[in-house]
Amino acid sequence: MSRLSLKDPSMRDAETAAARLWRDRVEIREHERDEARAKVRIAEQKLVILTAENDRLASENAQLRRQLDDQDDTGMQMEAIRTALSPLLTEV
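Criteria and thresholds
Residues numbered from 1 in each chain as written. Predicted model: local features only at pLDDT ≥ 70, side-chain atom pairs only at ≥ 80, totals over all residues. Heavy atoms only, no water. Helix = DSSP H or I, 4+ residues; strand = E, 2+ residues; numbered from the N terminus. Buried < 20%, exposed > 50% of the residue type's maximum accessible area, 1.4 Å probe, protein only. Areas by Shrake-Rupley, 256 points an atom, 1.4 Å probe, with all protein chains shown as cover. Patch = residues over 30% accessible without salt bridge, like charges linked within 9 Å, V, L, I, M, F, W, Y side chains within 5 Å. Salt bridge = Lys/Arg side-chain N within 4 Å of Asp/Glu carboxyl O. Lys, Arg positive; Asp, Glu negative; His and termini not counted. Charge placed at Lys NZ, Arg CZ, Asp CG, Glu CD.

*Asks:* Before we go on, may I ask you to explain the overall build of the protein in this structure?
*Replies:* When helices and strands are tallied, the protein shows one helix and zero strands. Across the 92 residues that make up the protein, the buried fraction comes to 0%. Per element, the accessible surface of the protein, about 8800 Å² overall, is 59% carbon and sulfur.

Here it is in structure tokens:
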């Protein structure tokens, strides 16, 4: 019975092919990993930008609400003055 050894050219070719396939798989996985990491970095950057924009808009919204409340207070004060002056204006 003959023993197969690396001295046999067909065995060397088979091992070389297997090694190439393995190396190619490793390269593909590394490439996929690198792409995934790049996508994560981009997503993190977008999250930072969107969080900052959200904070800015929340602040602006709060400011506008305060202005609206101030206008409501002014409107109520004007109505109170108008109500108080109305009898005086009708007497004239």
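Structure shown, so let's carry the discussion forward.
*Asks:* What exactly am I supposed to notice about a negative patch on the surface here?
*Replies:* Taken together, Asp 69, Asp 70, Asp 72 and Asp 73 make up a surface patch of like negative charges. Structurally, the position occupied by Asp 69 is in helix H1 (residues 9-91).

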